[in-house]
Amino acid sequence: MKPGFQKYIPFQPQKIENRTWPDKVITKAPIWCSVDLRDGNQALVDPMNLQEKLEYFHTLVDIGVKEIEIGFPSASETEYEICRELIEGGHIPDDVTIQVLVQAREHLIRRTFEAIQGAKNVILHFYNSTSTLQRKVVFHMEMDGITKIATDAADLIYEMSQPMIQGGMNLRFEYSPESFMGTEMDNAVDICQAVLEHLHATPENKVILNLPTTVENCMPNQFADMLEYFIRKLPSRESAIISLHPHNDRGTGVATAEMGLLAGAERVEATLFGNGERTGNVDIVTLAMNMWTQGVDPELDFSDINKVKEMYERCTKMPVGDRQPYVGKLVFTAFSGSHQDAINKGTQYMKESGSEYWEIPYLPIDPADVGREYEPIIRINSQSGKGGAAYIMEHNFGFELPKAMHPEFGHIVQVETDRVGKEITPERINQLFHEEYIDVDGPYYLRKHAFQETVDSEGHSRVAFQGTIQHTDTIFEVSGEGNGPIDAFFNAIKGEKMARFSFLDYFSHAITNGSDSQGVAYILLQDQRDGRKYWGVGLSHNINLAPLRAILSAINRAKRA
Ligand code: KIV
Ligand code: ZN
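The shown structure was predicted, so the numbers you read here are calculated from the model rather than taken from an experiment. (Residues numbered from 1 in each chain as written. Chains lettered and ligands numbered in written order. Predicted model: local features only at pLDDT ≥ 70, side-chain atom pairs only at ≥ 80, totals over all residues. Heavy atoms only, no water.)

## Overview of the overall build of the chain
The helix and strand tally for the chain stands at 17 helices and 14 strands. Buried positions account for 52% of the 561 residues belonging to the chain. Once local pairs closer than 6 in sequence are excluded, the contacts in the chain between residues at least 24 apart make up 66%. When the accessible surface of the chain is summed, it comes to about 26,500 Å², and 50% of that surface belongs to carbon and sulfur atoms. Across the chain, the 53 positively charged side chains and the 79 negatively charged ones have centroids separated by 6 Å. (Helix = DSSP H or I, 4+ residues; strand = E, 2+ residues; numbered from the N terminus. Buried < 20%, exposed > 50% of the residue type's maximum accessible area, 1.4 Å probe, protein only. Contact = heavy atoms within 4.5 Å. Areas by Shrake-Rupley, 256 points an atom, 1.4 Å probe, with all protein chains shown as cover. Lys, Arg positive; Asp, Glu negative; His and termini not counted. Charge placed at Lys NZ, Arg CZ, Asp CG, Glu CD.)

As structure tokens, this is what we get:
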């Protein structure tokens, strides 16, 4: 054997003239078939028990999947029992078709027919392997022998199905040339055409031809070329539904499915979150939500994706990765400051423009569409910009910090992230904000105060302020008048040491938490001795008191500094 990479045989692309698939776009949902309970289940360390399979089945029904491969009933007693319970237990809605898999072998086909007795809608799915490699190393057979296995099975299936169909069962057929991707395309066409004929397929009674990428061995564009070639060459194309069954060995299962749809496929077999043999089957959630983000209705409901994830992880005991598209814990999180800033601006733009469309950079989908929340979108670590912390304060806690205050608070948060060396939570950011600006502990305290407002005959108002202030152990009374509470307070403290601060700026807004509404005031003061500026924040149910608290917060912060 050659060493290293030289031991691999490169994929031989299918030659095709004038391919048309690259100019196409996906405009409608394919027929979806879930293979979670068969391909997914057979790839689990601990296959699901009956209860788990039933719960999983009901979730798939709720999502809107109409064709569900429930297992391999001839493979074991357990699989047979599960099939019977689904049918006899009345679990299958009338508009859902169950699919059962069987190898193209007589005794297994007979057992499968027993298993499906009494079901309303069934797809009987049979397969045999057709690839060059399997013919050489597993079956030691020429293509003729492989075709005979398939057509003998087709004959038996057709014959056994007639009484059932006459008895009222909606029984359809599916054939998979297993390892289609490793089969010479002309051989794949011939065997599929033979199967269509033996099953008496017609445009009215189509047979599903499922063309699996049993092992992903080429680039998705090369697969699409193969598929377009296959479809062009298949004589009874109109009597077939072309189905895909991509696995994900090269990590391009989604692209294979999407390009396969462009190349003419009408149906996709897939699993939730891509569970399946080895690197898995193609992920139905990603495929569906990719369509959604292109303005195409996938006809599947993932509006509560966390619920689906929870069921999936519990039943399969397989974790969903933090970066898994649409569902992973981190996929709606921006760590980079510039991303956070752009998201912030996009959100603002959406609000102001009333845009009908989703136009937020770095968020290809509205998290709410999959039942996720905006709150965790921005998380703060030492790479976050100054706007990130302010964004959290606004979106998670309702504090609309003045723009000029962002750098100061951003710096405070950054010092903390550098100190702890990891990301910090919105709760910790809120705590830092309160510690820094609201719960500032002295040296000045407002012990008591009173405001009195008088309005003269011309409507001018004057506010009188009287208060008791404590500075360390000293308590003193102050009083003054002004045209508003802030002015009155500054006039009251004239002559005190606190008077060295001059007033620069003021913002306020209401902050509502459930039914409780408070006023929050942000005041910027300047220390006349050294010119340094200090923000203070005050919170109160009383609109006059919030700015006083903000002034004391700024003064106390200056003292502390
Ligand atoms: O991957 C595969 O080829 C299969 C077939 C049985 C359809 O699962
Ligand atoms: Zn498979």
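## Topic: the packing of aromatic side chains
Going through the model one piece at a time under the given rule, you end up with 14 aromatic pairs. Taking the centre distance of 6.2 Å and the plane angle of 75° together, the rings of Phe-180 and Phe-223 count as edge-to-face. Taken as a pair, Phe-180 in the loop between strand S5 (170-178) and helix H7 (185-198) and Phe-223 in helix H8 (residues 220-233) lie far apart in primary sequence, 43 residues in all. The pair Phe-180 / Phe-223 is uniform in exposure class, with both members buried. A connected cluster of aromatic rings, assembled from ring pairs, spans Phe-451, Phe-465, Phe-489, Phe-490 and Phe-503. Its guanidinium or amino end placed over the ring of Tyr-80, Arg-111 lies 3.6 Å from that ring's centre, counting from NZ or CZ. If you follow Arg-447 out to its NZ or CZ, it ends over the ring of Tyr-445, 4.8 Å from the centre. (Phe/Tyr/Trp six-rings, centres within 6.5 Å; stacked < 30°, edge-to-face > 60°. Lys NZ or Arg CZ within 6 Å of the ring centre and 35° of its normal.)

## Regarding the pairing of strand S9 (residues 444-455)
Sheet analysis places S9 next to strand S10 (residues 461-471), joined by eleven bridges and oriented antiparallel. Looking at the pairing, Gln-452 lines up with Ala-464 of S10. (Pairing = 2+ DSSP bridges.)

## Description of the packing of helix H13 (residues 386-397) against helix H14 (residues 406-420)
One can describe the packing of H13 onto H14 by two numbers: an axis separation of 7 Å at closest approach and a directional angle of 95°. When the axis of H13 is compared with that of H14, the two are roughly perpendicular. Across from Lys-386, Ala-389, Ala-390 and Met-393 in H13, the residues of H14 making contact are His-406, Pro-407, Phe-409, Gly-410 and Val-413. For the contact of H13 with H14, the per-class residue count stands at six nonpolar, two polar and one charged. (Axes fitted to C-alpha atoms, helices over the stretch in contact; angles between N-to-C directions. Parallel < 35°, antiparallel > 145°, perpendicular 65-115°, else oblique. Nonpolar A, V, L, I, M, F, W, Y, C, P; charged D, E, K, R; others polar.)

## What about the site of ligand 1?
Taken together, Arg-38, Asp-39, His-125, Tyr-127, Ser-176, Glu-178, Asn-210, Pro-212, Thr-214, His-245 and His-247 form the complete shell of residues around ligand 1. With respect to ligand 1, the side chain of Asp-39 contributes an N or O atom lying 3.1 Å from an oxygen atom. Contact between ligand 1 and His-247: an oxygen atom at 3.0 Å from a side-chain N or O atom of the residue. Tallied by class, the residues present in the shell around ligand 1 amount to two nonpolar, six polar and three charged. (Near = heavy atom within 4 Å. Polar contact = N/O pair within 3.5 Å; in protein donor to acceptor, adjacent residues only side chain to side chain.)

## Concerning the coordination of the zinc ion (ligand 2)
Donor atoms from the polypeptide that coordinate the zinc ion (ligand 2) comprise Asp-39 (OD), His-245 (NE2) and His-247 (NE2), at 2.0 to 2.1 Å from the metal. In the primary structure, the donors to the zinc ion (ligand 2) are separated according to the pattern D-x205-H-x1-H. Exposure class is identical for His-245 and His-247. Each is buried. (Donors = N, O, S within 2.8 Å, 3.2 Å for Na, K, Ca; no water.)

## Overview of the domain arrangement of the chain
Domain boundaries assigned for the chain yield domain 1 (30-316), domain 2 (337-438) and domain 3 (444-560). Taking only C-alpha atoms, the centre of domain 1 and the centre of domain 3 are 72 Å apart. (Domains from an automatic or database assignment.)

## Brief notes about the sheet that holds strand S12 (residues 501-513)
The pairing of strands in a sheet comes from backbone hydrogen bonds and takes either a parallel or an antiparallel form. Taken together, the three strands give an open sheet; going across it, the order is S12-S13-S14, and neighbouring strands pair in antiparallel fashion. Each edge of the open sheet carries a strand with a single partner, namely S12 and strand S14 (533-540). Neighbour-to-neighbour, the strand axes of the sheet open up by a mean angle of 20°, direction not taken into account. Bridging between strand S13 (residues 516-527) and S14 involves eight bridges; their strand directions are antiparallel. Bridge pairing in S14 links Ile-523 to Gly-536.

## A word on a nonpolar patch on the surface
Together, Leu-133, Val-137, Val-138, Phe-139 and Met-141 make up a nonpolar patch on the protein surface, roughly 420 Å² of accessible area in all. The topology assignment puts Val-137 in helix H5 (residues 132-139). Assessed through its relative accessible area of 47%, Val-137 is described here as partly exposed. (Patch = residues over 30% accessible without salt bridge, like charges linked within 9 Å, V, L, I, M, F, W, Y side chains within 5 Å. Salt bridge = Lys/Arg side-chain N within 4 Å of Asp/Glu carboxyl O.)

## Description of the sheet that holds strand S7 (residues 240-246)
Strand order in this closed barrel of eight strands is S1-S2-S3-S4-S5-S6-S7-S8, and the pairing throughout is parallel. Going from strand to strand, the sheet's axes swing by 25° on average, the running direction of each strand aside.

## Examining the environment of Pro-235
If you trace the backbone, Pro-235 turns up in the loop between H8 and S7. Beyond its immediate chain neighbours, meaning those up to four positions away, Pro-235 contacts Val-189 and Gln-193.

## Some details on the state of the cysteines
Applying the stated criterion across every chain, the model contains zero disulfides. A disulfide-free cysteine, Cys-83 has its sulfur positioned 14 Å from the sulfur of Cys-33, the nearest such atom. Exposure remark for Cys-83: the relative accessible area of 1% places this residue in the buried category. Left unpaired, Cys-192 is separated from the closest cysteine sulfur, that of Cys-218, by 17 Å. (Disulfide = S-S within 2.5 Å.)

## Some points on the nonpolar core
Inside soluble globular proteins, nonpolar side chains tend to come together where they are buried. In this structure, Phe-126, Leu-209, Leu-227, Phe-230, Ile-242, Leu-272 and Phe-302 are the most contacted members of the largest nonpolar core, which totals 109 residues. Broken down by element, the residue count for this core peaks at eight residues, all from helix H6 (residues 143-166). When sequence neighbours within four positions are dropped, the list of residues in contact with Phe-126 reads Val-102, Ala-104, Ala-150, Ala-153, Ala-154, Ile-157, Glu-174, Tyr-175, Ser-176, Val-195 and Leu-199. In this structure, Ile-486, Ala-488, Leu-525 and Ile-551 belong to the second largest nonpolar core, which totals 27 residues. (Core = buried A, V, L, I, M, F, W, Y, C linked by side-chain atoms within 4.5 Å.)

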